[in-house]
There are 2 protein chains.
Amino acid sequence: MIDETHHPDLRSWVDSANEPGTDFPIQNLPLGTVRRDPSEAGTVAVAIGNDVMLLDVAVRLGLLSGPAREAAAACADGFINPLMALGPGPRRALRAGLVNALRADSDTGRRARSHASELLVTASDVEMLVPAAIGDYSDFYASIEHAKNLGSMFRPDNPLLPNYKYVPIGYHGRASSIVASGTGIVRPSGQTKAETDAAPSFGPTKRLDYELEVGVFVGPGNSLSEPIPIAQAEERMFGLCLVNDWSARDVQGWEYQPLGPFLAKNFATSVSPWVVTMDALEPFRAPAFRRADGDPAPLPYLSSPANETAGGVDIQLEVWLRSAKMRAAKTPAYRLSHVRFTQMYWTLAQLVTHHASNGCNLNPGDLLASGTVSGAAKDSRGCMQELTWRGTEPITLPSGEQRRFLEDGDEVIMRGFCERDGCARIGFGECRGTVLPAIASAGHIT
Amino acid sequence: MIDETHHPDLRSWVDSANEPGTDFPIQNLPLGTVRRDPSEAGTVAVAIGNDVMLLDVAVRLGLLSGPAREAAAACADGFINPLMALGPGPRRALRAGLVNALRADSDTGRRARSHASELLVTASDVEMLVPAAIGDYSDFYASIEHAKNLGSMFRPDNPLLPNYKYVPIGYHGRASSIVASGTGIVRPSGQTKAETDAAPSFGPTKRLDYELEVGVFVGPGNSLSEPIPIAQAEERMFGLCLVNDWSARDVQGWEYQPLGPFLAKNFATSVSPWVVTMDALEPFRAPAFRRADGDPAPLPYLSSPANETAGGVDIQLEVWLRSAKMRAAKTPAYRLSHVRFTQMYWTLAQLVTHHASNGCNLNPGDLLASGTVSGAAKDSRGCMQELTWRGTEPITLPSGEQRRFLEDGDEVIMRGFCERDGCARIGFGECRGTVLPAIASAGHIT
């Protein structure tokens, strides 16, 4: 539903929200959890321009009413999860209420403006937390280009396994180690074994990588044993964020058979702090990936006309890198790759429906990540393993440094935004993380 | 530490706790979460004979004092997790206090007995819940016989992968679908493809299986990026339970490459409701598995003299099956297999240390399961896939029925106990689950 809340002419009384290029115009209004002091509990907020609006203050000031107020009140304990559980109706009511409170031309907006000092906090003055209490985290493998690239490195004769075009392949990740953007990522240690080594050894990974992904937060869940039909999958999605699925490729290569990646991935996963709601993304919906001639159609349980027509989301994604040397020289970050999320072989709705197809219960706030987003072009590959082809084709940074994998001090910055004619551009903000040195020598835990 | 609390002569004023063969003598005292009514929140209780003792009532009656009272008070919100977080000291203090309150020959015991009607509830009158709030659930693959058996079915030439003797292989499971013993297990649907089929189809699994496992609940956790040295792994373990990792083998065969099992496992995992503490298990500790000549030693981070000497736990485990027909005919359950937990290639301490070796943060109440416990003997195999060799060697039940995999109406009952001379026998209670029919036809969710 593309309504006036997406129109580029809609303006906010928060001036920075009207600046061209802002990720957070009034047309976006993503939700997140913030705190001003590490001793504080989190509180739910909305991004608007360079500020965040505190939801509990908006309620207290009477700037939200009716269903919008009720929806905001669901977040009173500092978690978005209860709002996520309520589904699209209350979420949309909240959006309408927030637009009304933040637009320049409404009575409520004028009243809100008079309380600006109470209602708004400069974004740089708050700490952003992981936006929801994530009960379970699942990670998929929905980019066929990524699957082909990885597959051709490990299995040159048979890059794409026979199940790929039928099964939205996924696995469970670690919820406890999901961290907010900005959290330093300590280089993990693990077992690795080069092909020429007789036995593995334990020590800091030499092949630390990032993976550019998009995550969907589950809205209303399903009870155990109750699948989610594809026709209902969209209403089970609350909103999206960016995900960096940090990976230790040498650990992964040695450990992953036969049960999949484990310690190669579970040391940290970064998420961008703002959840862009499905309502804000409405104008940017796109057809599902067009399968190549000869590819099988999705099985009926993963298939619907609506999914075919508008199951995709046209998000433009970018990965940037800034080394310690570049930071010291004030060289700006360097863009490693850019890709559109419409390249994904499986839609988010298909991931949701597949996940619940055996009755597995999804809960509000659970995170499903897409898997690395890679396109066909070389500069659209979503991880270092692909960009440098397993380290064999190093990247040269503006500083003259070369990269096969990530080095200590490297900062990885992921960005995402949506734009199209007739609508305001909206963005995801950033998902950042800097690699910190391993905590001690290889033998540190013995 | 084998002290008088393990001695078989110690007797409780709760008569049923003194009966030979009870799983819950005063020497055991496992913790669980119970409720009397589905509308109630859970409350923490201790199993004693055929009864459960309510911890909050014991506190209120002043039957616990000092550190024992403080430890019990940590469970005041109905969760064991805060007690788990406190570590071995408070856990042991609680055990000492509970022994004092439940023994026949103490003043406190006599006082407790006078309040028996308030303090105790018949076990069959309460509903047992999942014993802790499980944040993350990980599942390992620590039985070499299981790995060899499964491997030889899938890769006859190369049953055991080269990483097995170095890496305690594990993967993340689903926390949301962990259910308490007694919960019915709806037969899941999923994609399967026989080798002779051109394409997969979606429908109820035809190869539903159980897996006999032992789970360890994490006590005090570790912060992100802080490994747990093997010398500290024992103090991070709170206690053990039985786990049934239900599996859909046909779904697993089609989906598991390259990222491991997902929908084949995450539809349900049953746990026994009583957590047997590491203190109760102290007399039953055993040497770590004796590796075959020529096997590599564990890498230094997985190695310690204490783990070598006493890293094992001598639990005797059994799986029983009762079909609907057997139930109707009042035929007792039939024992499918029995095995000792000392057969595991990796100790629980090694699983804990390996899991955290990359800095992955474990939290109090997290569950780590061992993987299927199988021994070398045929009747010690811990799942149907192995017992019937992938369905090719069916089992005949006392009813005359044959089983290749589980049928609707089959009840799987897992039991575990420890016994040795000079100590009281203790048991784990049961982990039960009955297979319920798939909720509709194969096309039900389209």
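The text that follows walks through the structure, step by step, so that each part is easy to find. A quick note: this is a predicted structure, and the numbers were derived from the prediction, not measured.

1. A closer look at the overall build of chain A
Here comes step 1: Scanning chain A for helices and strands turns up 13 helices and 26 strands.
Here comes step 2: In terms of C-alpha radius of gyration, chain A reaches 22 Å, essentially the compact-globule figure of 22 Å for 446 residues.
Here comes step 3: A burial count over chain A gives 64% of its 446 residues as buried.
Here comes step 4: Sequence separation of at least 24 residues holds for 73% of the intrachain contacts in chain A that already meet a minimum separation of 6.

2. A short note on the nonpolar core
Here comes step 1: Judged by nonpolar contacts, the single largest core of 158 residues is most densely connected at Tyr-210 and Leu-240 of chain A together with Tyr-210 and Leu-240 of chain B.
Here comes step 2: Once residues lying within four places of it in the same chain are set aside, the contact partners of Leu-240 of chain B are Val-214, Gly-215, Val-216, Trp-274, Val-275, Val-276, Met-278, Leu-281, Val-313, Ile-315, Leu-348 and Phe-428 of chain B.
Here comes step 3: Judged by nonpolar contacts, the second largest core, of 57 residues, contains Val-59, Ile-80, Val-99 and Tyr-137 of chain A.

3. Concerning the pairing of strand β14 (residues 237-244) of chain B
Residues and elements named next belong to chain B.
Here comes step 1: For β14, a buried count of eight out of eight residues is recorded, marking the element as mostly surrounded by other parts of the structure.
Here comes step 2: Where strand β13 (residues 212-218) lies against β14, seven bridges are found, and the strand directions are antiparallel. What sits directly across from Val-214, in β14, is Leu-242.
Here comes step 3: Pairing analysis gives two bridges linking β14 to strand β17 (residues 276-277), with the strands arranged antiparallel. Bridge pairing in β17 places Gly-239 opposite Thr-277.
Here comes step 4: In the sheet, β14 pairs with strand β16 (residues 269-271) via two bridges, with the strands oriented antiparallel.

4. Some points on the layout of surface pockets
Here comes step 1: One number sums up the size of the largest pocket: a volume of about 1100 Å³.
Here comes step 2: Taken together, 32 residues line the largest pocket, and the ones lying closest to its centre are Phe-154, Lys-193, Gly-253, Trp-254 and Arg-390 of chain A.
Here comes step 3: Looking at the lining of the largest pocket, the elements with two or more residues in it are α7 (144-154), β11 (201-204) and α9 (249-255) of chain A.
Here comes step 4: Residue composition of the lining of the largest pocket, by class: 13 nonpolar, nine polar and ten charged.
Here comes step 5: Estimated volume of the second largest pocket: approximately 860 Å³.
Here comes step 6: In terms of lining, the second largest pocket is formed by 29 residues, of which the most central are Lys-193, Ala-194, Asp-250, Gly-253 and Trp-254 of chain B.
Here comes step 7: Elements supplying a minimum of two residues to the lining of the second largest pocket: β10 (189-192), β11 (201-204) and α9 (249-255) of chain B.
Here comes step 8: Taken together, the residues that form the lining of the second largest pocket break down as nine nonpolar, ten polar and ten charged.

5. A closer look at the packing of aromatic side chains
Here comes step 1: Scanning the entire structure with this criterion turns up 16 aromatic pairs over all chains.
Here comes step 2: On the basis of an interplanar angle of 55° and a centroid distance of 6.0 Å, the ring pair of Tyr-166 of chain A and Trp-254 of chain B is categorised as tilted. Taken together, the positions of Tyr-166 of chain A in the loop between α7 and β7 (170-172) and Trp-254 of chain B in helix α9 put the pair across two chains.
Here comes step 3: Each residue in the set Tyr-141, Tyr-164, Phe-289, Tyr-345 and Trp-346 of chain A is aromatic and connected to the rest through ring pairs, giving one cluster.
Here comes step 4: Directly above the aromatic system of Phe-238 of chain A lies the positively charged group of Arg-91 of chain A, at a separation of 5.8 Å from the ring centroid.

6. With respect to the interface of chain A and chain B
Here comes step 1: Chain A puts 66 residues into the contact, and the matching count from chain B is 66 residues.
Here comes step 2: A combined buried area of about 5800 Å² lies between chain A and chain B, and 64% of that area is made up of carbon and sulfur atoms.
Here comes step 3: Inspection of the chain A/chain B interface yields 28 residue pairs in polar contact (both at pLDDT 80 or more).
Here comes step 4: For the side of chain A that touches chain B, a count of residues per class yields 37 nonpolar, 24 polar and five charged.

7. As for helix α5 (residues 107-114) of chain B
Residue and element names in this part refer to chain B.
Here comes step 1: If you check which residues of α5 are buried, you get Thr-108, Gly-109 and Ala-112. Each buried residue of α5 sits inside an arc of 100° when the element is viewed along its axis, so together they form one side. What points out from α5, more than 90 degrees from its buried face, is the exposed set Asp-107 and Ser-114.
Here comes step 2: Tucked inside the fold, the buried residues of α5 contact α4 (88-102) and α6 (116-119).

8. Here's the deal with the sheet that holds strand β4 (residues 120-122) of chain B
Residues and elements named next belong to chain B.
Here comes step 1: Taking strand neighbours across the sheet as the criterion, the five strands line up as β4-β3-β2-β1-β5 in an open arrangement whose pairing is antiparallel. Either end of the sheet is taken by a strand with one partner, and the two such strands are β4 and β5 (127-128).
Here comes step 2: Alignment of strand β2 (residues 43-48) against strand β3 (residues 51-54), held across four bridges, turns out to be antiparallel. Opposite Ala-45, over in β3, you have Leu-54 as the bridge partner.

9. With respect to the side chain of Asn-163 of chain A
Here comes step 1: The topology assignment puts Asn-163 of chain A in the loop between α7 and β7.
Here comes step 2: Residue classification places Asn-163 of chain A among the buried residues on the basis of a relative accessible area of 5%.
Here comes step 3: At 2.9 Å, the side chain of Asn-163 of chain A and the backbone oxygen of Gln-257 of chain B are in polar contact.

Cut-off values and rules
- Residues numbered from 1 in each chain as written.
- Chains lettered and ligands numbered in written order.
- Predicted model: local features only at pLDDT ≥ 70, side-chain atom pairs only at ≥ 80, totals over all residues.
- Heavy atoms only, no water.
- Helix = DSSP H or I, 4+ residues; strand = E, 2+ residues; numbered from the N terminus.
- Rg over C-alpha atoms; globule rule 2.2 N^0.38 Å.
- Buried < 20%, exposed > 50% of the residue type's maximum accessible area, 1.4 Å probe, protein only.
- Contact = heavy atoms within 4.5 Å.
- Core = buried A, V, L, I, M, F, W, Y, C linked by side-chain atoms within 4.5 Å.
- Pairing = 2+ DSSP bridges.
- 1 Å grid on protein atoms, 1.4 Å probe; cavity = no way out; pocket = protein on both sides within 12 Å on 5 of 7 lines; lining within 4 Å.
- Points joined across faces, edges and corners; volume = space filled by probe spheres on them.
- Nonpolar A, V, L, I, M, F, W, Y, C, P; charged D, E, K, R; others polar.
- Phe/Tyr/Trp six-rings, centres within 6.5 Å; stacked < 30°, edge-to-face > 60°.
- Lys NZ or Arg CZ within 6 Å of the ring centre and 35° of its normal.
- Buried area = accessible area lost by both parts, 1.4 Å probe.
- Polar contact = N/O pair within 3.5 Å; in protein donor to acceptor, adjacent residues only side chain to side chain.
- Arc of directions from axis to C-beta.

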